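# Reading the structure
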Amino acid sequence: MVFAFFVLLGGARAQTITCPRPTISGTPTEKQVLEKFYCDTGGANWINKTNWGATDIGTWYRVITNQQGKVNGLRLSDNKLTGTIRTELGSLSSLEHLRLNGNQLSDMIPPELGNLTSLIQLHLHTNKLTGKIPDLSRLSSLTELRLNGNQLSEMIPTQLGSLTRLVFLFLNGNGL
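Below, the structure is looked at part by part.

Rules and cut-offs
Residues numbered from 1 in each chain as written. Predicted model: local features only at pLDDT ≥ 70, side-chain atom pairs only at ≥ 80, totals over all residues. Heavy atoms only, no water. Helix = DSSP H or I, 4+ residues; strand = E, 2+ residues; numbered from the N terminus. Buried < 20%, exposed > 50% of the residue type's maximum accessible area, 1.4 Å probe, protein only. Contact = heavy atoms within 4.5 Å. Pairing = 2+ DSSP bridges. Phe/Tyr/Trp six-rings, centres within 6.5 Å; stacked < 30°, edge-to-face > 60°. Lys NZ or Arg CZ within 6 Å of the ring centre and 35° of its normal. Disulfide = S-S within 2.5 Å. Salt bridge = Lys/Arg side-chain N within 4 Å of Asp/Glu carboxyl O.

### Digging into the side chain of N148
Mapped onto the fold, N148 is located in the loop between β8 (144-146) and β9 (151-152). Taking relative accessible area as the criterion, N148 reaches 16% and is therefore assigned buried. Setting aside chain neighbours within four positions, we find N148 in contact with H125, T126, F170, L171, N172 and N174.

### A short note on the pairing of strand β2 (residues 71-75)
For β2, the buried fraction is high: 4 of the 5 residues fall into the buried class. The sheet contact formed by strand β1 (residues 63-65) and β2 spans 3 bridges and is antiparallel. By the bridge assignment, I64 is partnered in β2 with G73. In this structure, the hairpin formed by β1 and β2 is closed by a connection of 5 residues, where G69 is found at a positive phi of approximately 80°. Here β2 runs beside strand β4 (residues 97-99); their pairing, made up of 3 bridges, is parallel. Bridge pairing links L74 to L98 in β4.

### Re the packing of aromatic side chains
Counted under the stated rule, the structure contains 6 aromatic pairs. Taken together, the ring pairs in this structure connect F37, Y38, W46, W52 and W60 into an aromatic cluster. Cation over ring: R146 sits above F168, and NZ or CZ is 5.3 Å from the ring centre.

### As for the state of the cysteines
The tally for this structure, following the rule as stated, stands at 1 disulfide. A sulfur-sulfur distance of 2.0 Å marks the disulfide that ties C19 to C39. Since a negative S-S torsion denotes a left-handed disulfide, the C19-C39 link at about -85° is left-handed. You can see C19 sitting in the loop between α1 (2-11) and α2 (30-40) and its partner C39 sitting in helix α2, a full 20 residues away along the chain.

### As for the pattern of salt bridges
If you walk through the whole model with that rule in mind, you get 3 salt bridges. Across the pair K36 and D40 runs a salt bridge, and its minimum N-O distance is 3.2 Å. Here K36 pairs with D40, and both are found in helix α2, just 4 residues apart, close to one helical turn. We classify K36 as buried; its relative accessible area is 15%.

### Observations regarding the pairing of strand β7 (residues 128-131)
Summarising the sheet, strand β5 (residues 104-108) and β7 pair through 3 bridges and their orientation is parallel. When the bridges of β7 are listed, S106 appears paired with K128. Relative to β9, β7 runs parallel, the two being bridged by 2 bridges. Across the sheet, residue G131 finds its bridge partner in β9, namely L152.

### Things to note about the environment of P110
Mapped onto the secondary structure, P110 falls in the loop between β5 and β6 (121-123). Accessibility expressed as a relative area gives 6% for P110, which makes it buried. Sequence separation of P110 and T84 is 26 residues, and the distance between their C-alpha atoms is 9.0 Å. Apart from residues lying up to four places away in sequence, P110 is in contact with I85, R86, T87 and P134.

What follows is the structure in structure tokens.
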């Protein structure tokens, strides 16, 4: 019986995420948000995508979950992500650490990231992000904001001055 159990486990196949993902209607689950993120950022070509697609998102490479199983960290630095940061990431309400730096992400920073009120670290530096810095004034827990080394333009938003816990602010290497 133990041998049969071992064989069953040994023969289990890892699930994969099929892209493109269908359009999400209603309020998406965190798993749906991450699956869409995977597809939108070229997940099939990432350097490391270990366990992405498994049932438990807490086992996915560089996805950190809290005791309630909610995503509180997404740390995919230097992992060959391409494409855009989608608005759905703004629905990960327990997210504290978002590190997507050192990739090839392009287009604008979605203003929905300003909804992540638990966010402590936002690292989007060294990508190809364009446009203006969105309103991030609701990120009252933010201590690190690293947007340097992109192609951001326009004025530095005055709302950044309301981030009283902000310790590290890196905006250099842009067209601000």
